[in-house]
Amino acid sequence: MSMEQNDALEEFINDMLAQKKLPGVDEQVHTQLVSDLKNRLMDQIDRAVVEGLPSDRIDGFNELLDKEADDQEIQRYIVESGVDSRRISLETMLRFRALYLGE
Amino acid sequence: MSEQPISPPTQQDVLAALTAELEAGPPDDERRRRIQREIGIIVGNTRLSEIVSNDPTGVWAGEEDDANEHQTSNADSSSADQRAQDAHIPMAERRQAAAPVTSRRYRRATAPITTIGTTPQVARVETRSQDGPQIPDEISDDELRIVAAQVNGPTQGEQPQEQQIAEELSDDELRISAAQVNGPTQGTQPLVHEAAGSARDEDSAEEASDVAEDGTDEEDGVPPRLILSFIDQSQDAEDAARLAAEARLTGELNSGGRFRRMIRNAWKGSIAREFYILKYKRQASEQILSSQDIHVHETADRAGRANAQLATIARFESVYDEAVHTDAGERKEMIADDSEFGRGIKDLLRQYVEGGIANPEALEEEKNRLLSRLAENGDMDLLGAGTVRIDNLLGIAASVKGMVEHGQSIDDVLAGMSIYTGEARSNVRTEVDYGRVDRMLEKLQRSKVGSLVGPETLGLAAAAALIATRAGRGSLLRASGVMLIPGVNGAVFGAIRENKRVKEERTQHSREMAQGKVAEGGRRREQMDQTRYETVAAADLSGSLGQLFDAEDALSTPEQVQAAYELLSSVEARIRLSDQNSIDLISYSEVTRIEEERLALDIARARAKVMLQPHLGNLPDEYRSRLGIESSDTVDGAVGRYTSILDTINADVSSKDAAFSKLKRRRVATAAATGFVTSELLSLGTQEGVAFADSSYDGLLENMVTDGDPSEGGRQTVLQGLANPGENVPGERVVAPVSTHENYTLADTPGSVDVSSTHSMSVNEDGTVGFRDTQGAVVIDNLAVNDDGTLPQTTLDALNANDINVIDKGSFVTDETTTTRTVPTNEFVDNHKADTTHIRRELWYDNDTAAPRFEKNELGLSWGGPDNSGVGDDGVVVMSVASMTEDGSYHGLDYTNWQQDASRGELKLAVSASKDTQSDVFMLSVRPDGTIEVPKDSPAAHFFENNDGQMTFNGAYAEVVELNGDTGEHTSVRPLATLVGENSVDTIEDTVVEQTTVFVPNYEINIPTTEIVAAREVESIPMPPIIPRRSLERVLPAQKISPAGLDPFTYAYGGGRSLEDMRKWVVADPSRLRTRRQVETEDGQLRWVENDGNPVERNVTNERNMLNSYLEGQFTAEPQYRQYIQNIADALGPMGQKCRVSVNIPAWMEEKNLRNLLSQYLDQRDKDGNPLDPGLFEVNIIVNRKEGTAPDGSVGVINQFIDQYVASHNGQRPNVRFVDVEFKEEIATVGYARKVLTDAALLRSLSRTDQDQPLYIESEDADLTNVDKRVIANLISKLDRNPHLDAVHGIEGRMPEVIKDNDLLVMRRNAWEVFLLMARQKKFRNPNSGSWNAFANRTITGGWNTGYSAEAYAMIGGYENLRAGEDLTIGERISMVRGDGNYPNLETIGTVPTRTESSPRRFINEIIRNKSAYDGFGEGPDEQRIRDMPLTDLMSEISDFARISDDNRATFAGEADMFYGWCLSASPTRQDAREMVKRVMRSAGYREGDYTFSGDKLIVTNWDNVTTNLNAYRTQFDRAQRPNRKLIIGGWKRPDLRTTVMT
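Model, not experiment: these values are computed from the prediction. (Residues numbered from 1 in each chain as written. Chains lettered and ligands numbered in written order. Predicted model: local features only at pLDDT ≥ 70, side-chain atom pairs only at ≥ 80, totals over all residues. Heavy atoms only, no water.)

Description of the pattern of salt bridges
Residue and element names in this part refer to chain B. Counting across every chain of the model gives 70 salt bridges over all chains. For the salt bridge of Arg501 with Glu504, the shortest nitrogen-to-oxygen distance reads 2.8 Å. With Arg501 and Glu504 both in helix H21 (residues 479-514), this residue pair falls three residues apart, about one helical turn. Of the residues examined, Arg501 reaches a relative accessible area of 5% and is grouped as buried. With relative accessibility at 8%, the residue Glu504 sits in the buried group. One continuous salt-bridge network, built from bridges that share partners, spans Glu498, Arg501, Glu504, Glu505 and Arg667. (Salt bridge = Lys/Arg side-chain N within 4 Å of Asp/Glu carboxyl O. Helix = DSSP H or I, 4+ residues; strand = E, 2+ residues; numbered from the N terminus. Buried < 20%, exposed > 50% of the residue type's maximum accessible area, 1.4 Å probe, protein only.)

Next up, the structure:
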């Protein structure tokens, strides 16, 4: 995960935690919390992206996974499939946040 | 009934057999025809019953075929309940179809499925011969019963003990049974399995028998070929778990009351839907894994599930490529003999045969060990994930063992065995999206891929998300925007969720429909159905293929070839598109029959290709040319050229997709709008609520309620912010000038300005000034300033114009200058005015210095200091009055003591500078000791002079004075002593301070600020939308829905009326329609009203009008009818004025029972048990017979009864009338007899002159054996109290003292009564429901124990001229007339507790004859027989069933299953039926736990309770003095209809 992505996601997660008004936790716990949330969020984003794949692109995607393609190749394939990753990511983040905060 | 039928081979068995047959090689013509015939039967969607009935060989029926024997017929006569059973004949037939035929010997078909350990086993052995028929072997009845029990579940005809055995066997026992069945231990014959259907005639049977002798085909000696299959169903298991989860959730969302459904839908169906789906899926997966059965959630029908597994195995064993759908992801691979797996498996089999592996359990263990080892070695691609896997290893092992034991070489057997692995896709094709996604995500997680979304994209999305979420907090300026955020979020979330859900629902609906389920109805399903791709039933396709290819002249003309080609192409296209696109273009009848029907279709396709191949060249030339089909083409190649079907399908797909898009858009838009509103309202509402609890949070509502002031600087809700915009507008808001100022001098002028400290003043070169803010920005500039420091008016105006407040604070200032100069004494005194005291001397204390010298204190002032020099220290003037005496100062009566004055400070030295200024003196203090010092700097000092050491006084007077008050203008003094000075001082050098006054300009300049004020924080609380949405309605198992075209109104008895018939009857005369309905009053009560809204009421005027109208109509239509009825009326005599009930009884051949009937009927009682007023009712009998028929003795019996009654009642005549009528043949029906008698009653009623109460008609039969004493009272009471009721029906009893002695009879009658009571609960009574049973789910009218109002009778046009069914028609017509024209209103026919009994003879005969009780009612030899024969004799004919015994237990088992069938036919779901039948069974004497359910079958497992209860019932009945005539065997409590929940 790049620094930019890391920073933005962490800021998003931290902001979410701030809104959650969690009781004071020590730094180590907080870091772990952020990490867990980040992983959960990433899982959901991945799920949403896969769901957004057109049916005729599923097989190709499977093949890429089978042949253990690298990140760039996979991401390029996603983009070429017409999946609006940014919109999906944004929607997933907002939905994730809303659910997490019990909104 | 001595034959105990057993189950025939299943359809699946037949299919498997045919598969083997087809695999046997190129068929010769004869075999082909036979195959065609057999396949045609199977694939043509023909039920097993049809197979049985159509089977020309009789093979299926066995040697002692009794296929037509019904064990569960329902029966009887003119009684309504008997006819109700007739209504169930379709059900009985349906059950019969699946039930039993009797056969002693069956061809062995496919071995049973058993469940061993965790893997279901399917044993199947295929025989292959080059050109001969397949050779079946034989199994015993015992073997087959066990097989049937396992595969089909126990059937009605099975031996009860064996049923129990089959049901109660443990897995281990079953496994052993399977091995036994497949192995040779059960018989001496080696097990050579083949298709059961291959031997269709006696020759074939014999041939089969012969071959079975040595296990080889007699003609070629080729040993059977074994096929061992390992099929992975992991993917199906995954899909099945998801489907089960969806189905469970859908069911939950559709259950419960409206409120609960709403809450559930909001939570489970919306917010937490995914959570529950995953939870249920997990639970479903666990069950699937533990059962190793992918259909475990679909149906409780174990046999059905076993068949589905068998079908899967069979499909993979097929040699046809068509059977494995690679497009759908299926695969099938042959395992090489020399592969590790191949060697391993064959080695296991070898060990098993040779005893190295002792038993099936060990073999199973070894197999699992082998598979585990292969998995470790990475061979999972071959075997699949193995989550759920089915195989037929144990069955094959048993077969191998048997073959070796019968002389075959193990090496030969194993060499001839093929091993396949494969992966199945057993479900329909509509893809389970989540399963697919889950699978890919699992794969993704296993991979090294970090994220599917690039870091930049993710970063941008996160930043945008952050901005979006933070936008919810801020100032009021954004409040309006903030306010919209929850709504917008809600709309977005709602839209996203709905978009997803609606797609899921389409998938779910398509899948369920393809699985043969039927929607219960409802708008959601209807909408989804409009977007569902058109499907064609697999069975229909198979049938169509069969029809085209099975015809005798099939493919004999180019047109036929073209039709066959196009049909095959269509089928191929549908299958290909379904498989490739994961959609369903083919449907199936049931979920557990998918595999079976799919295989049948695959075989039909394959067969069609085989047959079509040589005829491709016979296609019409032009057609062939147009499509480009060459004679040398393969069929597969040729069918691909037929594209018009693709166009058709694609057009359908496109239009349905478009319809779906439209539906989705509409749903999504609605969800978005709803989401917006609900989120908005929730957000605002929640905020206001939170504000109450949070002191630092101001809410509008809070402030309105508490009238409190907003907290300073605290957060506030959106509404509060919007309501107080002035406080909260951020940005450049003008605020008041600060109160602190900085002073600036106006250069070169005496003026200055005080400028607000938030600003500064600057002076320009031209002398003008300007003001700037702290940032240096000019507020105003170039303001002129006058030379004197004042601001000119222009400047003031300019400042004012800029909202700068100017306050003129200019003032006059006094300036002092000090100069020293010589001034005259009086001026000196003026200059030191402040040091002088203006005095007025009031008196002088006497000073008498004249002779004689008599001085008091008047000379008491002297120089002080040394030597009275008057010079003190430092040269100060010192004086003293110490020489004065206390009493030396007086004047007249005034007196003072200088010391006291001095002590009080009231004694002074007043120094007058000159005589001219002696009123203004310099006042010096006199000390208490009398000393006076004149300080040097005192102005008074100027008037003393030190002349060489002696002080002199040059002023005018130095007086010692007593202060005597101050008037404000002067100080009064009284001199005590005076030193008269030289008065020589004319001028004095004096230092003078001179004052000059000037004006100093000063302005306060107050400049307001335009600072950006941080407004009070306005917060928004985004809330998730609450979008109430209805989920898909439930689906019902296909078998619960009436077959297409079957009108639920139709039943067999009485002429087969249909709902459509009834509609037409109403439409034929619209004036008939007299709709009544219930409306809710303001107090929430339901009230019956007429269609025009007027309340329903019953009155004599309406009745008489209706009767008159009806009769006139009858008489007009048939003029001679008037006289006919009048004659009958005259014969009966006039009706009593207060008669309320006319009891009308047709009597034909009933002379034996009339006395009993009349004597009971006349003994009517009121509700208190007292004799009923005989004037309230009359009994009319029409003794009728067909013209030419000899009369019986009925008239004589009646006359005799009347005479005896008169004699025994003091001459009182009973209110019994009769008429003896002979009908012509065409009208000699019970319907017509009732009609003329009733019409005559109406005419007689109209002839009454003083009728004041409505008239009711009680319809009875003449064969009643026990008449309730409250028939009349109950009827009058019920109808009088319920004016909306048109008719009532009582309970039809059947002489319990007779029927109690026969277990079968008493249980059946009892069960029927209880069943009807249950089925007539209101919740089942919706005639608009597809599962409605027109007979059971309503209160019917009958020929007896039925009452109705005379008005209702006239309203519907009276009785019909029917031989049977006229009684039912009364109720049907009433319901239709009271309905809306389309559906009946079932609520105007009620019940009464009247229990009247009739002879059970028809029901006894029903058991004797095994036919419907009312079959042939009123005619035929049986009719006369049962009338003539004593009941005891009739009962003796069914004595086989007097008690439940080992010999007849199967019949009772079938009887209990029949009860279940009734309930299934009258309830919408299987669960409802089970709840219903539980009560029926309990009332019949069973207890829960005495029986189990298996799908649509009920299986009795314990007979102890029912036997005990039946005996106890008989004993109690016999012992009781007044036995309870209700049929209560096992104890039964009437269900509380308000609380009974059977969902």
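Points about the sheet that holds strand S37 (residues 1002-1006) of chain B
Residue and element names in this part refer to chain B. Overall, mixed pairing links the four strands, which are arranged S17-S18-S37-S22 in an open sheet. The open sheet has two edge strands with one neighbour each: strand S17 (741-745) and strand S22 (805-808). This sheet shows a mean twist of 20 degrees between the axes of neighbouring strands, independent of strand direction. As judged from the four bridges shared by S22 and S37, these two strands associate in the antiparallel manner. Residue pairing across strands places Asp808 opposite Tyr1003, the latter belonging to S37. (Pairing = 2+ DSSP bridges. Axes fitted to C-alpha atoms, helices over the stretch in contact; angles between N-to-C directions.)

Here we look at the nonpolar core
All names here are of chain B. Counting residues in each nonpolar core, the largest one holds 53 residues, and the members touching the most others are Met1307, Phe1315, Phe1459, Met1481 and Tyr1486. Elements with a contribution of two residues or more to this core: helix H42 (1296-1299), helix H43 (1303-1319), helix H46 (1401-1409), helix H48 (1431-1436), helix H49 (1449-1465), helix H50 (1470-1484), strand S52 (1497-1500) and helix H51 (1504-1519). In terms of residues, this core owes the most to one element, H43, which gives 11 residues. If near-sequence neighbours (up to four positions away) are discounted, Tyr1486 is found in contact with Met1307, Phe1452, Ala1456, Met1481, Tyr1491, Val1500, Asn1502, Trp1503 and Val1506. (Core = buried A, V, L, I, M, F, W, Y, C linked by side-chain atoms within 4.5 Å. Contact = heavy atoms within 4.5 Å.)

Examining the environment of Ala538 of chain B
Residues and elements named next belong to chain B. Its location among the elements puts Ala538 in helix H23 (residues 538-550). The class of Ala538 is buried, set by a relative accessible area of 0%. With 48 residues separating them in the primary sequence, Ala538 and Ile586 have C-alpha atoms 5.8 Å apart. Every residue in contact with Ala538, bar those within four places of it in the chain, is listed here: Ile586, Ser587, Tyr588, Glu597 and Leu601.

Re a nonpolar patch on the surface
All names here are of chain B. Nonpolar side chains collect at one region of the surface, where Phe692, Leu701, Met704 and Val705 lie side by side and expose about 410 Å² of accessible area between them. For the nonpolar patch, the leading source of residues is helix H29 (residues 700-706), giving three residues. Structurally, Phe692 is set in helix H28 (residues 644-693). (Patch = residues over 30% accessible without salt bridge, like charges linked within 9 Å, V, L, I, M, F, W, Y side chains within 5 Å. Areas by Shrake-Rupley, 256 points an atom, 1.4 Å probe, with all protein chains shown as cover.)

As for the packing of helix H37 (residues 1119-1132) of chain B against helix H40 (residues 1230-1246) of chain B
Residues and elements named next belong to chain B. For the pair H37 and H40, interaxial distance at closest approach is 8 Å and the crossing angle is 75 degrees. In terms of their interaxial angle, H37 and H40 are classed as roughly perpendicular. When H37 is examined against H40, the residues Tyr1121, Tyr1124, Ile1125, Gln1126, Ile1128, Ala1129 and Leu1132 are found in contact with a partner set consisting of Tyr1232, Lys1235, Val1236, Leu1237, Asp1239, Ala1240, Leu1243 and Arg1244. In terms of residue class, the contact of H37 with H40 is made up of 11 nonpolar, one polar and three charged. (Parallel < 35°, antiparallel > 145°, perpendicular 65-115°, else oblique. Nonpolar A, V, L, I, M, F, W, Y, C, P; charged D, E, K, R; others polar.)

Here's the deal with H50 of chain B
Since there are 3.6 residues in each turn of an α-helix, residues three or four apart along the chain are aligned in direction. All names here are of chain B. For H50, which comprises 15 residues, the first-to-last C-alpha distance of 20 Å matches the rise-based estimate of 21 Å (1.5 Å per residue) to within 8%. Residues of H50 that are buried: Arg1470, Asp1472, Ala1473, Arg1474, Met1476, Val1477, Val1480, Met1481, Ser1483 and Ala1484. Residues of H50 that are buried in the fold lie against H43, H49, strand S51 (1491-1494), S52 and H51. At the exit of H50 stands Gly1485, carrying a positive phi of roughly 115 degrees. (Expected span 1.5 Å × (residues − 1).)

With respect to unusual backbone geometry
Residue and element names in this part refer to chain B. Within the chain, Gln292 stands out as a residue other than glycine whose phi angle is a positive 55 degrees. Its relative accessible area of 6% is what places Gln292 among the buried residues. Notably, Asp948 is not glycine yet its phi reads approximately 55 degrees, a positive angle. Topologically, Asp948 is positioned in the loop between strand S32 (944-947) and strand S33 (950-953).

Quick word on the confidence of the model for chain B
All names here are of chain B. The predicted model of chain B has a mean per-residue pLDDT of 76, with 75% of residues at 70 or higher. Here residues 1039-1046 is modelled with pLDDT under 50, and outside its nearest four sequence neighbours on either side it reaches 11 contacts, counting other chains as well. Reported confidences for the modelled complex are a pTM of 0.43 and an ipTM of 0.77. (pLDDT = per-residue confidence, 0-100.)

So, the packing of aromatic side chains
Given two aromatic rings, their pairing is described by the distance between the two centres and the angle made by the two planes. Residues and elements named next belong to chain B. Overall, the coordinates contain 26 aromatic pairs over all chains when judged by the stated rule. The ring centre of Phe660 lies 4.5 Å from the NZ or CZ of Arg506, which sits over that ring. One cation-aromatic arrangement involves Arg1309 over Phe1403; the distance from NZ or CZ to the ring centre is 3.6 Å. (Phe/Tyr/Trp six-rings, centres within 6.5 Å; stacked < 30°, edge-to-face > 60°. Lys NZ or Arg CZ within 6 Å of the ring centre and 35° of its normal.)

Notes on the environment of Lys809 of chain B
Residues and elements named next belong to chain B. Positionally, Lys809 belongs in the loop between S22 and strand S23 (811-824). For Lys809, a relative accessible area of 38% gives the class partly exposed. For the pair Lys809 and Ser752, spaced 57 residues apart in sequence, the C-alpha separation works out to 9.6 Å. Among residues more than four places away in sequence, those in contact with Lys809 are Asp754, Asn1002, Tyr1003 and Glu1004.

Quick word on the sheet that holds strand S29 (residues 907-912) of chain B
All names here are of chain B. Strand order in the closed barrel made by the five strands is S24-S30-S29-S34-S35, with mixed pairing throughout. Geometrically, the sheet is characterised by an average inter-axis angle of 55 degrees between neighbouring strands, direction not taken into account. The pairing of S29 with strand S30 (residues 920-925) spans four bridges and is antiparallel. Its bridge partner being in S30, Lys908 is matched across the sheet by Ser925.

Things to note about the pairing of strand S21 (residues 778-783) of chain B
Residues and elements named next belong to chain B. The pairing of strand S20 (residues 769-773) with S21 spans three bridges and is classified as antiparallel. Looking across to S21, one finds that Phe771 is bridged to Ile780. Once S20 ends, the chain turns through four residues before running back antiparallel as S21, passing Gly776 with a positive phi of about 90 degrees.

Structural notes on the pairing of S52 of chain B
When a strand is regular, its side chains alternate between the sheet's two faces. Residue and element names in this part refer to chain B. Along S52, one buried face is formed by Lys1497 and Ile1499 and the opposite face, lined by Leu1498 and Val1500, is buried too. Inspection of the sheet shows S51 paired to S52 by four bridges, in the antiparallel sense. Bridge assignment links Thr1492 to a residue of S52, and that residue is Ile1499. Counting the residues between successive antiparallel strands, the hairpin from S51 to S52 contains two residues, one of them, Gly1495, with a positive phi of roughly 60 degrees.

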